[in-house]
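Below are the chains, spelled out letter by letter.
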Amino acid sequence: MASLKVGNVGEYLREQRRSAQLSLRQLAEAAGVSNPYLSQIERGLRKPSADILQQLAKALRISAETLYVQAGMLDARERDELEVPAAILTDPSINERQKQVLIQIYESFRKENAAAGESRAAGDVDAAEAEAEAEAEAGSREGSAAVREETGP
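The rules we used
Residues numbered from 1 in each chain as written. Predicted model: local features only at pLDDT ≥ 70, side-chain atom pairs only at ≥ 80, totals over all residues. Heavy atoms only, no water. Helix = DSSP H or I, 4+ residues; strand = E, 2+ residues; numbered from the N terminus. Polar contact = N/O pair within 3.5 Å; in protein donor to acceptor, adjacent residues only side chain to side chain. Contact = heavy atoms within 4.5 Å. Buried < 20%, exposed > 50% of the residue type's maximum accessible area, 1.4 Å probe, protein only. Arc of directions from axis to C-beta. pLDDT = per-residue confidence, 0-100. Patch = residues over 30% accessible without salt bridge, like charges linked within 9 Å, V, L, I, M, F, W, Y side chains within 5 Å. Areas by Shrake-Rupley, 256 points an atom, 1.4 Å probe, with all protein chains shown as cover. Salt bridge = Lys/Arg side-chain N within 4 Å of Asp/Glu carboxyl O. Core = buried A, V, L, I, M, F, W, Y, C linked by side-chain atoms within 4.5 Å.

**Student:** Please clarify how the environment of Met-73 should be interpreted in this entry.
**Tutor:** Position of Met-73 relative to the elements: it lies in the loop between α5 (64–70) and α6 (76–90). Linking Met-73 and Ser-49, residues 24 residues apart in sequence, is a C-alpha distance of 9.5 Å.

Written out as structure tokens, the structure is:
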């Protein structure tokens, strides 16, 4: 059978399975897929659907989005937003509750910084408008002074 080489999702799944110390058979059973099908995915012979990737992610206790990125189902721009949560989810040294708390904190910081960035951007626009108004007012004063000089007191 010729290899389709469907992204790196198969290799990534194999790495995650080995990291979780699961056999192919154990992961297949936990994810509800057949052993041969999972083997074909890992070898790059089959392209799994989003549903299958979600089942595999759940069984591996990793982010489904991480698998979607590996499979080319998510845009590369979205990858940056997913890397930190994915790293947190795959860390075996912390428990599930700790993982969720860390992800919530991370997301709140991102939202806060995005809001601050928007505020700064709006502030930059306001500052530019204020500067333009000040320049216009100064120009108006200079024009008035020039008119007074020409016409006298």
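Having seen the structure, we can now continue with the description.
**Student:** Sorry, what's going on with the side chain of Ser-63 here?
**Tutor:** Mapping Ser-63 onto the fold places it in the loop between α4 (50–60) and α5. Separated by 2.9 Å, the side chains of Ser-63 and Glu-65 make a polar contact. Those residues in contact with Ser-63, other than ones at most four positions away along the chain, are Ala-57, Ala-86 and Leu-89.

**Student:** For this particular structure, what's the right way to read helix α1 (residues 9–19)?
**Tutor:** For an α-helix the count is 3.6 residues per turn, leaving residues at separations of three or four pointing the same way. Looking at α1, one finds that the buried residues are Val-9, Gly-10, Tyr-12, Leu-13, Gln-16 and Arg-17. Along α1, the residues classed as buried sweep out an arc of 160° about the axis, all on the same side. Summarising the geometry of α1, the exposed residues directed more than 90 degrees from the buried face are Glu-15, Arg-18 and Ser-19. Immediately downstream of α1, the backbone of Gln-21 shows phi near 55°, a positive value.

**Student:** What is the right way to read the confidence of the model for the protein chain from this model?
**Tutor:** In low-pLDDT segments, the atomic positions of the prediction should not be examined closely. Summing up the model confidence of the protein chain, the mean pLDDT is 79 and the portion of residues at 70 or higher is 70%. By mean pLDDT, helix α7 (residues 96–151) is the weakest element of the protein chain at 71, and helix α2 (residues 24–31) is the strongest at 96. Predicted confidence is poor over residues 1–6, with pLDDT under 50, and the contacts of this stretch with residues over four places away or in other chains come to 12 contacts.

**Student:** Can you walk me through the environment of Asn-35 in this structure?
**Tutor:** As for its placement among the helices and strands, Asn-35 is situated in helix α3 (residues 35–42). With relative accessibility at 23%, the residue Asn-35 sits in the partly exposed group. Residues Asn-35 and Ser-23, spaced 12 residues apart in sequence, show a C-alpha to C-alpha distance of 10.0 Å. Once you skip the residues sitting within four places of it in the chain, Asn-35 turns out to touch Leu-24, Arg-25 and Ala-28.

**Student:** Please clarify how a nonpolar patch on the surface should be interpreted in this entry.
**Tutor:** On the surface, a nonpolar cluster with roughly 250 Å² of combined accessible area is contributed by Val-101, Ile-105 and Phe-109. For Ile-105, the position within the fold is in helix α7. Judged by relative accessible area, which is 39%, Ile-105 ranks as partly exposed.

**Student:** Explain the nonpolar core here, please?
**Tutor:** Ranked by size, the top nonpolar core spans 22 residues in total, and within it Leu-13, Val-33, Leu-38, Leu-56 and Leu-67 carry the most contacts. Elements that contribute at least two residues to this core include exactly α1, α2, α3, α4 and α5. Among the elements that line this core, the one with the most residues is α4, at six residues. Non-local contacts of Leu-13, meaning those with residues more than four positions away in its chain, are made with Ile-41, Glu-42, Leu-56, Leu-60 and Leu-67.

**Student:** Help me out: how do you make sense of unusual backbone geometry in this one?
**Tutor:** Trans peptide bonds make up most of the peptide bonds, and negative phi angles are found at most residues other than glycine. For Gln-21, which is not glycine, the phi dihedral falls at a positive 55°. Within the fold, Gln-21 resides in the loop between α1 and α2. Classification of Gln-21 as exposed rests on a relative accessible area of 71%. Phi angles above zero are rare outside glycine, and Arg-61 is one such case at about 60°. Among the structural elements, Arg-61 can be located in the loop between α4 and α5. Residue classification places Arg-61 among the exposed positions, given a relative accessible area of 55%.

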